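Summary of the model geometry
Listed below, chain by chain, are the residues.
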Amino acid sequence: MTGSPAPLTVAIAAPHRAAIDSARQAVLDGGTAIDAAIAAAVALTVVYPHQCSLGGDLVALVRRGGHTRAVVSVGSAPAAIDVARLATESRMPRQGPDTVTVPGVVAGWLALAELGAVLPLAAAFERAATLADGGTVVSAGLARAIEERRENVLADPGLAEIFTSDGEPLTEGMALPQPALAATLRTLAADPSAMYTGAPAEAIAARIGSLGGSLSPADFAAHRAETTDAVSAEISGTTWFVAPPPTQGLVLFGVLPAALTEAVWSGEEADSDATQRLLAAFVAAADSRQRNLGDPRGGPIDETALLGDSLGEATGAFPRPGHALGDTVAITVQDSDGTVVSLIQSVYQWFGSGILDPATGIVLHNRGSAFSTDPRHPARVGGGLRPPHTLCPLIGDSPELTVAFGCQGGSAQPWILAQVASALMDRHSDPVEVLGRPRWVIGSQDLGHSVLTVVAEPGCEVAVAAGRAQGIAVDRRDGFIDEAGHVQVVRRVPGSLDFDAASDPRADGSVAIVRVPRGLAEFTPQGES
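What comes next is a walk through the structure. Computed from a predicted model, the values in this text were never measured in an experiment. (Residues numbered from 1 in each chain as written. Predicted model: local features only at pLDDT ≥ 70, side-chain atom pairs only at ≥ 80, totals over all residues. Heavy atoms only, no water.)

Across the sheet, 6 strands lie side by side as β7-β8-β15-β16-β20-β21; this open sheet has antiparallel pairing. What marks the edges here is a single partner per strand, and that holds for β7 (231-235) and β21 (499-503). The sheet shows a mean angle of 15° between the axes of neighbouring strands, taken without regard to direction. For strand β16 (residues 402-408) and strand β20 (residues 486-492), the ladder comprises 7 bridges, and the chain directions are antiparallel. When the bridges of β20 are listed, Gln408 appears paired with His486. Packed on one face of the sheet, helix α16 (residues 413-424) meets β8 (238-242), β15 (394-397), β16 and β20 and runs near 150° to β16. (Pairing = 2+ DSSP bridges. Helix = DSSP H or I, 4+ residues; strand = E, 2+ residues; numbered from the N terminus. Axes fitted to C-alpha atoms, helices over the stretch in contact; angles between N-to-C directions. Contact = heavy atoms within 4.5 Å.)

We now examine α16. With 12 residues, α16 extends 16 Å between its outermost C-alpha atoms, agreeing within 8% with the 16 Å of an ideal straight helix rising 1.5 Å per residue. Here α16 lies mainly inside the structure; 11 of its 12 residues are buried. (Expected span 1.5 Å × (residues − 1). Buried < 20%, exposed > 50% of the residue type's maximum accessible area, 1.4 Å probe, protein only.)

What follows covers the packing of aromatic side chains. What the rule picks out here adds up to 6 aromatic pairs. Each residue in the set Phe282, Trp415 and Trp440 is aromatic and connected to the rest through ring pairs, giving one cluster. A cation over an aromatic ring shows up here: Arg506 above the ring of Phe480, its NZ or CZ 4.0 Å from the ring centre. (Phe/Tyr/Trp six-rings, centres within 6.5 Å; stacked < 30°, edge-to-face > 60°. Lys NZ or Arg CZ within 6 Å of the ring centre and 35° of its normal.)

Spatial strand order, β17-β18-β19: 3 strands in an open sheet with mixed pairing. Both edges of this open sheet fall to β17 (440-443) and β19 (473-476), since each of them pairs with a single strand only. For this sheet the average axis-to-axis angle between neighbouring strands, irrespective of direction, equals 20°. Alignment of strand β18 (residues 453-456) against β19, held across 4 bridges, turns out to be parallel. Each bridged residue has a counterpart across the sheet, and for Val454 the counterpart in β19 is Val474. Sheet strands touched by helix α14 (residues 272-292): β17 and β18. Its angle to β17, the strand with the most contacts, is close to 35°. Packed onto the sheet, helix α18 (residues 461-469) meets β17, β18 and β19 and runs at close to 155° relative to β19.

By themselves, these are just geometric observations and shouldn't be taken as functional.
The structure is reproduced here in structure tokens:
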């Protein structure tokens, strides 16, 4: 006589409760960790439109059966983009039609589904459509973004129609109906490929064309998500996995050794010498990233330089970095069948290009702003080329613990993940406590500064002192800041049902563990923030 099948346990962390609810339903419907991740991701395009949308990109890692794959669904510049005109400018525009590349997120979900989903995507799209019909309200994070981008919201007819009422920006708790987006989601429920070969592609191309851009239906039809082996490295007894260029995963590998081997944290106090060395590693890595990161489709990428072994030689103007505020959502999931997912999707800056297509309800990203206008630069703008990408999902696997990491934070993502990686790989640590620790990041234009600056939360006095000692400007804040990232983490002791998870207190998120005894489902909420 055989026993009952082993129960399935799925742990999820995401930056909004609606994403957790959709993921939970996917598991209760018989889905895997991959199904849960996709369900959460689709819901977030409705409730967090300032950070992600159907008009953005996706990068994800999936570890399953001992193999880790990367899905890189990063859209390219239009084939007809006017390179000669843009070359006369010192930088790409920050927003507008020239910054809109092909949105990759829907193709990314389809590629993820092929790695082990068991449910049709239609249910996730239908649940999201119900939210878009009026089933959600403005969150605290969305309200901050609307206020911060007030001028952009008021200037674009599409954004103004959705995110204002009687001419004034929506505020926290107000209803957020998005009827055009709901209709688009139902179109995709019937046929997800319509995003690239159907009415949504045609509508978005027409909107961008009306504004002077060159994105065409043919550009949409040419898009393919890239699925490849993840890049791995053994550091401090853990095997780490990131996505390949044009993402900045290798930049994270360049700073992880310093973060993992130095005593950056000792109880509640940071070690001064270790912080000095970590800051120096961040500065060198940031410089190398701006010089060397680009699209391998356009030519060889100096991976050695990105890993920090050399800084290389400058090859022209650096691409304009994006703004770190609220640019991304991360979802992390693990299940007891051994599947691990770290998924990140984004419109880049808050509300992306500043364009919402009224016909589809879709906010369009501004990833093209990260291109360089210098034809000698690895990140040069060109038809069919992909921009350098900030999205940086991470998985760490050791004999004691498997951890899925992801965070919001723009170009600061490597610095954010490096500060939490060591503590989160310690199975005896409390992930909620770790994510609640103060953090600091470095940047310049991406953090709203004209020069390289250490931006620090209260409690980062050692990092502030390190910055001053190295002649770097300092911006001390008086509380938690979005620039320090919204980290989502799920951990599991390999081969066990021992899970925990945490969602960053800087976001609107929560975590949950769903246990399904193969016929009777049990939902255990693990906390909200």
